[in-house]
Amino acid sequence: MGDDEEVKMTSTEEEDVQAIADATDTTKSKLGQPSASEESASPYPDMELCQEIHKLTVKAQGYNTPEFQTKVLTTICKDLENPTLYESLEHTLGVTTGIWGVPDIQAKKEYNSKKMEELEAKVEEAKESAGDMEVMDARVTVARFAAKAMSQEDALASYQKLLDLPKISSGKKIDAMMESARVASFYGDTKKTAGFIGSAHKLATEGGGGDWDRRNRLKVYRGLQHLLERDIKEAAALLIDCIATFSCNEICSYQDFIVYATLSNLLHLPRPQLKAKILDGPEILSVATDIPAVIKLVKALYDCDYKTYLHSMVEVEPILHGDRYFQPHLAFWMRELHILAYKQFLESYQSVTLQAMATAFGVSEDFIDYHASRFIAAGRLSAKIDKYGGVILTNRPDLKNAQYRETIQRGICS
């Protein structure tokens, strides 16, 4: 083709491009209009900063640099003015940057303590001369300042005082519980995070205190907590249900949320739904260019392009390592992604040679033999390896017979 020749798209290709553009515009338009609850949600603790601190502490690829370290610590000093967090992070990293010296840290602690006393005085003033609403607003101000500039203990104690007010609506209680959950999550306290989210969910469902928007945002909190607890199936169901209505930027970015929803559902969605809900989902298409490695992984699995899939796993691994929800279970995720591809490949065969499978995945026979044998031994693949013949024999369970046996057993037990 000459340099002056124009490349023309077919009408189908033009329609596909336009569909993606329309989906992107529509979704970005929706995301540009935050809900009332989201607008009133506290920006502190800053969960984007929490993600950056994680990348720094685990030495994530591309973030283990002096420049990034300085950026994160400067944010803590200048934006949060939180000396306790600054001290803790420098100790964890084993560095002394000098952004704040010992006198600066002490002075800032004294200033913040004085500020807390002033805010507490305003609470007392509101109790004496104003109404319940003003008292609650003053308590919210104390709690949010503590979440920004004080320790985890101070912040949670301040939120507990807010929750202990005698006259506070169920909706405001849910807000306080979700903000408390973010404080606990910021500092990596999984047990307390789960407790606050559980209490908020119970109040929203049983107490009737949650409007639609609060319940929708709470669903994201629950989904991410399940992800952190490695309850991937439950997380997948909750997260995919919120894709079109996401309004929770205070806990994670929309781009990160799409990664969580996509990868969790990759392990559990049937192949047709993977195409409809992930690859062709307009909300996911709107950020597809920002998460190319993740989309490439999903598309390769759907297309049965196993060689590209394994390469994509290598590209996705640093993303998982640098994310605070994925990294604690990194080995689990890499294993499950591996098993997922092996299962899908073997579903098409009663028997297949190790050489044919190795060729499809772009690896050696020894690689396939080593990993497949481990997955078979662990009961994760219904197959067996004939090492002498160089063949993998699938051993699919007979679904009808299994259902029959289960029905008979239930009849005997009853």
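As annotated in an unreviewed UniProt entry, the chain is 26S proteasome subunit RPN7-domain containing protein from Nitzschia inconspicua.

### Quick notes on the overall build of the chain
Each helix and strand counted, the chain has 21 helices and three strands in total. Across the 414 residues of the chain, 46% fall into the buried class. Counted over contacts in the chain with a minimum sequence separation of 6, partners at least 24 positions apart contribute 62%.

### Concerning the sheet that holds strand β2 (residues 383-386)
Taking strand neighbours across the sheet as the criterion, the three strands line up as β1-β3-β2 in an open arrangement whose pairing is antiparallel. What marks the edges here is a single partner per strand, and that holds for β1 (351-353) and β2. Shown here is a sheet whose adjacent strand axes are inclined to one another by a mean of 20°, direction ignored. Two strands pair when backbone bridges link them, and β2 and strand β3 (residues 391-394) are joined in this way by four bridges, in the antiparallel orientation. Among the inter-strand pairings, D386 is bridged to a residue of β3, identified as V391. Along the sheet face, helix α19 (residues 354-361) touches β1, β2 and β3 and points at about 75° away from the line of β1.

### As for the packing of aromatic side chains
The geometry of an aromatic ring pair is captured by two quantities: the separation of the ring centres and the angle between the planes. Within the structure shown, the criterion is met by 16 aromatic pairs. Measuring from centroid to centroid gives 5.1 Å for F186 and Y187, while their planes differ by 65°, and the two rings are edge-to-face. On the basis of relative accessibility, which here comes to 10%, the residue F186 falls in the buried class. An angle of 50° between the planes, with centres 5.4 Å apart, marks the rings of F246 and Y254 as tilted. In this structure Y254 comes out as buried when scored by relative accessible area, which is 7%. Grouped by ring-pair contacts, the aromatic residues Y306, Y342, F345, Y349, F361 and F375 constitute a single cluster.

### Quick notes on the pattern of salt bridges
Evaluation of the coordinates by the stated rule reveals 18 salt bridges. Note that K127 and E124 form a salt bridge whose closest N and O atoms lie 3.6 Å from each other. One end of the pair is K127 and the other is E124, both in helix α6 (residues 102-129) and three residues apart, which spans about a single turn. Between E336 and R380 there is a salt bridge, and its shortest N-O distance comes to 2.7 Å. Here E336, found in helix α18 (residues 330-346), pairs with R380, found in the loop between α20 (365-377) and β2; they are 44 residues apart in sequence, far enough to count as distant. Taking relative accessible area as the criterion, R380 reaches 29% and is therefore assigned partly exposed.

### What to know about the side chain of E90
With respect to the element layout, E90 can be found in helix α5 (residues 83-93). Nearest to the buried, unbridged E90 among oppositely charged side chains is K109, at 11 Å. If we skip the residues at most four places from it in the chain, E90 touches L73, V95, T96, T97 and G98.

### Examining the state of the cysteines
Under the criterion given, the structure shown has zero disulfides. We note that C252 lacks a disulfide partner, and the nearest cysteine sulfur, in C248, lies 6.7 Å from it.

### Observations regarding the side chain of T193
Mapped onto the elements, T193 comes out in helix α10 (residues 190-206). In this view, T193 contacts A181, A184, S185 and Q225; residues no more than four positions away in its chain are not counted.

### Quick notes on the environment of A383
By secondary structure assignment, the location of A383 is in strand β2. Judged by its relative accessible area of 10%, A383 is buried. Along the chain, A383 and Q350 lie 33 residues apart, while their C-alpha atoms are 9.2 Å from each other.

### Focus: the packing of helix α3 (residues 47-57) against helix α9 (residues 170-186)
The interhelical angle for the contact between α3 and α9, taken along N-to-C directions, is 15°, at an axis separation of 10 Å. Taken together, the axis directions place α3 and α9 in an arrangement best described as roughly parallel. Here α3 and α9 pass one another in a crossing that is left-handed. Contacts between α3 and α9 involve M47, L49, C50 and I53 from the former and R182, S185 and F186 from the latter.

### Examining the pairing of β3
Relative to β3, β1 runs antiparallel, the two sharing three bridges. Residue T353 lies in a different strand from β3, and its bridge partner there is V391. Counting the residues between successive antiparallel strands, the hairpin from β2 to β3 contains four residues, one of them, G390, with a positive phi of roughly 65°.

### Focus: the UniProt feature "coiled-coil region" (unreviewed entry) in the chain
Mapped onto this structure's residue numbering, the UniProt feature "coiled-coil region" (unreviewed entry) falls at residues 109-136. Taken end to end, residues 109-136 is 93% helix and 0% strand, and its first and last C-alpha atoms sit 26 Å apart.

### Regarding the nonpolar core
Ranked by size, the top nonpolar core spans 104 residues in total, and within it F257, L263 and Y309 carry the most contacts. Looking at which element gives the most residues to this core, the answer is α18, with 11 residues. Apart from the residues within four sequence positions on either side, F257 is in contact with V220, L239, C242, I243, F246 and C252. Grouped together as the second largest cluster of nonpolar side chains are 17 residues, C50, F68, L85 and W100 included.

Procedures and definitions
Residues numbered from 1 in each chain as written. Predicted model: local features only at pLDDT ≥ 70, side-chain atom pairs only at ≥ 80, totals over all residues. Heavy atoms only, no water. Helix = DSSP H or I, 4+ residues; strand = E, 2+ residues; numbered from the N terminus. Buried < 20%, exposed > 50% of the residue type's maximum accessible area, 1.4 Å probe, protein only. Contact = heavy atoms within 4.5 Å. Pairing = 2+ DSSP bridges. Axes fitted to C-alpha atoms, helices over the stretch in contact; angles between N-to-C directions. Phe/Tyr/Trp six-rings, centres within 6.5 Å; stacked < 30°, edge-to-face > 60°. Salt bridge = Lys/Arg side-chain N within 4 Å of Asp/Glu carboxyl O. Lys, Arg positive; Asp, Glu negative; His and termini not counted. Disulfide = S-S within 2.5 Å. Parallel < 35°, antiparallel > 145°, perpendicular 65-115°, else oblique. Left-handed = near helix turned anticlockwise from the far one by under 90°. UniProt positions renumbered as here; feature names shortened; annotations may be inferred. Core = buried A, V, L, I, M, F, W, Y, C linked by side-chain atoms within 4.5 Å.

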